[in-house]
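Observations on the three-dimensional arrangement
Read off the chains here:
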Amino acid sequence: MISLAYRDVSNSFGRYLLTGIGLGLLIGVTLTMAGVFRGMVDDGKALLRYADADIWVVQQNTLGPFAEPSSLPDDIYRGILAINGIRRATNVAYLTLEVSYGNHSVRVMLEGIDAQQNLMHLTAGRPVMQSHYELVADERSGFKLGDRIPIHRHDYEVVGLTRGMRSPSGDPILFLPLKDAQEIQFLKDNDAVFRDRAQLEANPKLNPTGNPALLNAVEQSLFSNHRVNTVLVQLMPGANPRRVADDIEKWLRLTAYPKDEMEEILIGQLIATASKQIGLFLVILTIVSAAIVALTIYSMTQTKLKEIAVLKLIGTRNGLISRMILLEAIGLGLIGFLTGKLAVTYWAPLFPKHIVLLMDDTLRALLITMIICILASFAGIRAALRIPPGSAIGG
Amino acid sequence: MKTINHRLLYLIIIVVILIGIITLIAMKGPLAPTTVQITQLKQSDLKPALFGVGTVEAQRSYTIGPVRTGKLQQLLVDHGDKVIAGQFLGQMDPVDLKDRLQSAQLNIEKNEHLVEASQARLDEAKSRYIQAKHEDKRYRDLIKKKQVSRELAEAKATDAIAAFEQVRAAEANLEGARHDLQRTKYDLKAIQAQLDDLQLISPATGIVTAREAEPGSLIVSGTTVLRIIDTTTLWIRVRVEQRDSAAITTGLPAKIYLRSQQDKALSGKVARIELIADNLTEERWVDVAFTQIPEGIAIGTLANVTLYLPVVKQAKWLPAAALQHHERKTGVWLVRDNKAHFVVVKTGTRTLDGKIQILSGVTADDIVVSYTSKPLIEGQRLKVK
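Below, the structure is looked at part by part. Not measured: the values here are computed from a predicted model.

Right, let's talk about the overall build of chain B for a bit. When helices and strands are counted, chain B shows three helices and 24 strands. Relative to a compact globule of 385 residues, whose C-alpha radius of gyration would be 21 Å, chain B shows 48 Å and is clearly more extended. Counting only C-alpha atoms, chain B reaches 195 × 50 × 30 Å along its principal axes. Partitioning the intrachain contacts of chain B with sequence separation of at least 6 by distance along the chain shows that 75% fall at a separation of at least 24.

Let's shift gears to the overall build of chain A. Along chain A, the regular secondary structure elements total 12 helices and 12 strands. Dimensions of chain A, computed from the C-alpha atoms along their principal axes, are close to 115 × 50 × 40 Å. For chain A, the residues scored as buried account for 38% of the 395 residues in total. Of the contacts made within chain A by residues no fewer than 6 positions apart, 78% connect residues no fewer than 24 positions apart.

Our focus in this paragraph is the sheet that holds strand β4 (residues 61-64) of chain B. Residues and elements named next belong to chain B. Taken together, the four strands give an open sheet; going across it, the order is β4-β11-β9-β6, and neighbouring strands pair in antiparallel fashion. One side of each edge strand has no neighbouring strand; the edge strands of this open sheet are β4 and β6 (82-83). The pairing of β6 with strand β9 (residues 206-211) spans two bridges and is classified as antiparallel. The residue bridging Lys82 from the neighbouring strand is Ile207, located in β9.

All right, on to the nonpolar core then. Within the largest apolar cluster, 77 residues are counted, with the highest numbers of intra-cluster contacts made by Ile55, Trp56, Val57, Leu135, Val231 and Val233 of chain A together with Val332 of chain B. Here the element with the most residues in this core is strand β3 (residues 86-101) of chain A; it accounts for five residues. Leaving out residues up to four positions away in the same chain, Leu135 of chain A has contacts with Val128, Tyr156, Val158, Leu174, Phe175 and Leu176 of chain A.

Once that is clear, we can look at the environment of Glu241 of chain B. If you trace the backbone, Glu241 of chain B turns up in strand β12 (residues 234-241). Once the C-alpha coordinates of Glu241 of chain B and Gly52 of chain B are considered, the two residues, 189 residues apart in sequence, prove to be 7.5 Å apart. Residues within four places of Glu241 of chain B in sequence aside, it is in contact with Ser131 of chain A together with Glu282 and Glu283 of chain B.

Each partner contributes residues to the interface: chain B has 30 residues there, and chain A has 27 residues. Looking at the side of chain B that touches chain A, the elements with two or more residues in it are α1 (2-28), β3 (49-58), β18 (324-326) and β23 (368-372) of chain B. With four residues, the single largest contributor to the side of chain B that touches chain A is α1 of chain B.

Moving on, we come to the packing of helix α1 (residues 4-11) of chain A against helix α11 (residues 318-347) of chain A. All names here are of chain A. Between α1 and α11, the shortest axis-to-axis distance is 8 Å and the interhelical angle comes to 55°. On the basis of their axis angle, the class for α1 and α11 is oblique. By crossing handedness, the relation of α1 to α11 is classed as right-handed. Contacts between α1 and α11 pair Leu4, Ala5, Asp8 and Val9 from the former with Leu320, Arg323, Met324, Leu327, Glu328 and Gly331 from the latter. Of the residues in the contact of α1 with α11, the class split is six nonpolar, one polar and three charged.

To continue, consider the packing of helix α5 (residues 190-202) of chain A against helix α6 (residues 212-222) of chain A. Helix-helix packing: each pair is described by the crossing angle between the helix axes and the interaxial distance. Residue and element names in this part refer to chain A. Close contact between α5 and α6 brings their axes to 11 Å; oriented N to C, the two are set at 145°. Between α5 and α6 lies a crossing whose hand is right-handed. Residue-level contacts link Arg197, Leu200 and Glu201 of α5 to Leu215, Val218 and Glu219 of α6. A breakdown of the residues in the contact of α5 with α6 according to their chemical character gives three nonpolar, no polar and three charged.

So, on to the sheet that holds β3 of chain B. Residue and element names in this part refer to chain B. Read once around its circumference, the closed barrel built from six strands follows the order β3-β12-β15-β14-β13-β16, with strand pairing classed as antiparallel. Adjacent strand axes in the sheet meet at a mean angle of 40°, parallel and antiparallel pairs treated alike. With six bridges connecting them, β3 and β12 associate as antiparallel partners. Looking across to β12, one finds that Gly54 is bridged to Val238.

Residue and element names in this part refer to chain A. Even without a glycine there, the phi angle at Asp52 is positive, about 50°. Of note, His152 is a non-glycine position whose phi angle comes to about 50°, a positive value. Among the secondary structure elements, His152 is positioned in the loop between β7 (148-151) and β8 (154-162). Among the residues examined, His152 registers 14 C-beta atoms within 10 Å and is labelled partly exposed.

Attention now moves to the pairing of strand β6 (residues 134-138) of chain A. All names here are of chain A. Most of β6 sits out of view: five of its five residues are buried. Burial along β6 is two-sided: the face carrying Glu134, Val136 and Asp138 and the face carrying Leu135 and Ala137 are both buried. Note that β6 and β8 share five bridges and pair parallel. Within the sheet, the bridge partner assigned to Glu134 lies in β8 and is Glu157. Sheet analysis places β6 next to strand β9 (residues 173-176), joined by two bridges and oriented antiparallel. Each bridged residue has a counterpart across the sheet, and for Ala137 the counterpart in β9 is Leu174.

Examined against the element boundaries, Lys264 of chain B turns out to sit in strand β14 (residues 261-273). As a C-alpha pair, Lys264 of chain B and Gln105 of chain B span 159 residues in sequence and 64 Å in three-dimensional space.

Attention now moves to the pairing of β8 of chain A. Residues and elements named next belong to chain A. Two elements, strand β5 (residues 124-125) and β8, share two bridges in a ladder whose sense is antiparallel. By the bridge assignment, Ala124 is partnered in β8 with Leu161. Of the pairings in the sheet, the one linking β7 to β8 comprises four bridges and is antiparallel in character. Counterpart to Arg148 in the pairing with β8 is Glu157.

The rules behind the values
- Residues numbered from 1 in each chain as written.
- Chains lettered and ligands numbered in written order.
- Predicted model: local features only at pLDDT ≥ 70, side-chain atom pairs only at ≥ 80, totals over all residues.
- Helix = DSSP H or I, 4+ residues; strand = E, 2+ residues; numbered from the N terminus.
- Rg over C-alpha atoms; globule rule 2.2 N^0.38 Å.
- Contact = placed C-beta atoms within 7 Å.
- Buried ≥ 20, exposed ≤ 12 C-beta atoms within 10 Å, placed from the backbone.
- Pairing = 2+ DSSP bridges.
- Core = buried A, V, L, I, M, F, W, Y, C linked by C-beta atoms within 7 Å.
- Axes fitted to C-alpha atoms, helices over the stretch in contact; angles between N-to-C directions.
- Parallel < 35°, antiparallel > 145°, perpendicular 65-115°, else oblique.
- Left-handed = near helix turned anticlockwise from the far one by under 90°.
- Nonpolar A, V, L, I, M, F, W, Y, C, P; charged D, E, K, R; others polar.

Right under this line is the structure:
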């Protein structure tokens, strides 16, 4: 059996391949957009995943700590531990800021947490062992082991690197001891401290003659921070998260979200508009890509109409001609898809934000590409079959 | 023949490309095995340590101020001056105290005169009494000889008794005057003591760290005028986590980095472990004394202090990065047949440079995952780097 498709393609293989690659790049962009969308959702979930908490306890009536500010006293965890069904309660402080090191400035989220209760996978170095001034950085921050990062008043040494630790907004996370994070969160610059002190000293109610100790006490309470943003709670096996969360809300007058509600807040509220925007863009991009693929294949057939007429004239069966067009379309789709997939795999890590390439998405894209190619080839086949053989010798 | 060759060539090229793409997807995609770095159980001496931050403080510091409200008259020392125990540092304004002292002095003198007058009156009363007694005796003799009337003799006897009572009165008077003298002397002493109390005297040898008022200012009783510290007692009050603080004992060696000289390690040792801990911050206070107190060090300087706990001999340990949580258990990932397998371990002491003592769960033959590019799951295919 003669493979017309093969002969036709080998006749002008270069052009065919280039068309395929061109389509591939377009498919690659679509796949990337899907990856960006998945990445946004994954960023929202990443924090939940590695926080490994069953319940998030935040300030009463807030959607904290990411969607809204939340502040809790740091000794409230003892009260939480007293509630039935709770295995562990960990104080955590979150804080997003811009950190500079050398000429390099990066937006990061600081997570203050007890290092011994927060074991995570590392790609280099070691976890935080000292009670102060050490941190573990996500690789995306660009910091290296041994870097001493100045944050406010102290230098923090990067002792470990990890991967895939991102805030819901995609910033790399730096993990450091809770007390340091509390200090960074609260610490004013020296001039502000100086001004505040002067104001306190000038206030006769806070600095009465005959009671110099009062001023010290006021300053001490004013210039220290014993607040955290959330308490992560792990439950005993078999405990019901909703019931324990209700207990916390009822007895401690706080707000507690079981994990799935927290996910709903992060995905449904925090990144809702952004992800919808990307999602809509993705849909449009898919439609545009489909249209371009279809038009390319259709016009490819159109340019061959004369040759097809000749084929018809020499008595080639319609089936053979249809198969040629179909196979060529499928081949184009495959080349395009593979190029696109390859391109995405290589350029995805270059993006500043996290891009997730799911197997499901890839297979879905393959399926859509094939369907579009087949549909487009039908249009081509229809045009080819309608051409009268006589047109081969006509004008 | 030529077509077949071409055909074969194209086929080979396409197959090679396909194989390449599939391997690439398998290596980089989700099907790829996770790359891990490995380590093994090691055995050596572990040097655990605790890290804390503290501030330089003086173990002995003194605040000097007046006991009574008043005006500061003079202040002889300033910030940075060295003082010795007992040194006169300054004085409060005595206002009327000196005049009152003068008055008391005069009062004493007056009372001395009064004592003298009382003494004279007593002497006079005594001589009158002696005379009256003699007369009484003579009249009694005369009455026996019946030379005087009985009335006269009785009158003389009464005179004698009256003279005796006058002696007693004069004696009491004298005693009263003496007490008055005594009292005024005490008054004088009290005023003198008050005057002395207005002086600001250094209670110890040391250095003046603050001069908080200037002469002429009104100072309420109890307000600090000068602060003095004993520079030989400078140490660092360090906050350490309560969690591991049970192992701290006095005498433990310490390494100190002062914020003022961040690159210079100073040595010291634990001098005191304070018995009251901070229940809010969950820290406790440990006082670390310098082996040699550095020159020119400022009170309140921030210090990073590392306390070295006793060495754990020949402990089996793993890098701390190997320790992971999996299904809420603490353990390590082993590589068995290129697959991940989680085992729970029991840990002991930990060092600041990232070693964790392993008490049980891992043997020396086990291959332990130290670093991994993503979280592992049980049975996952691993590729050792």
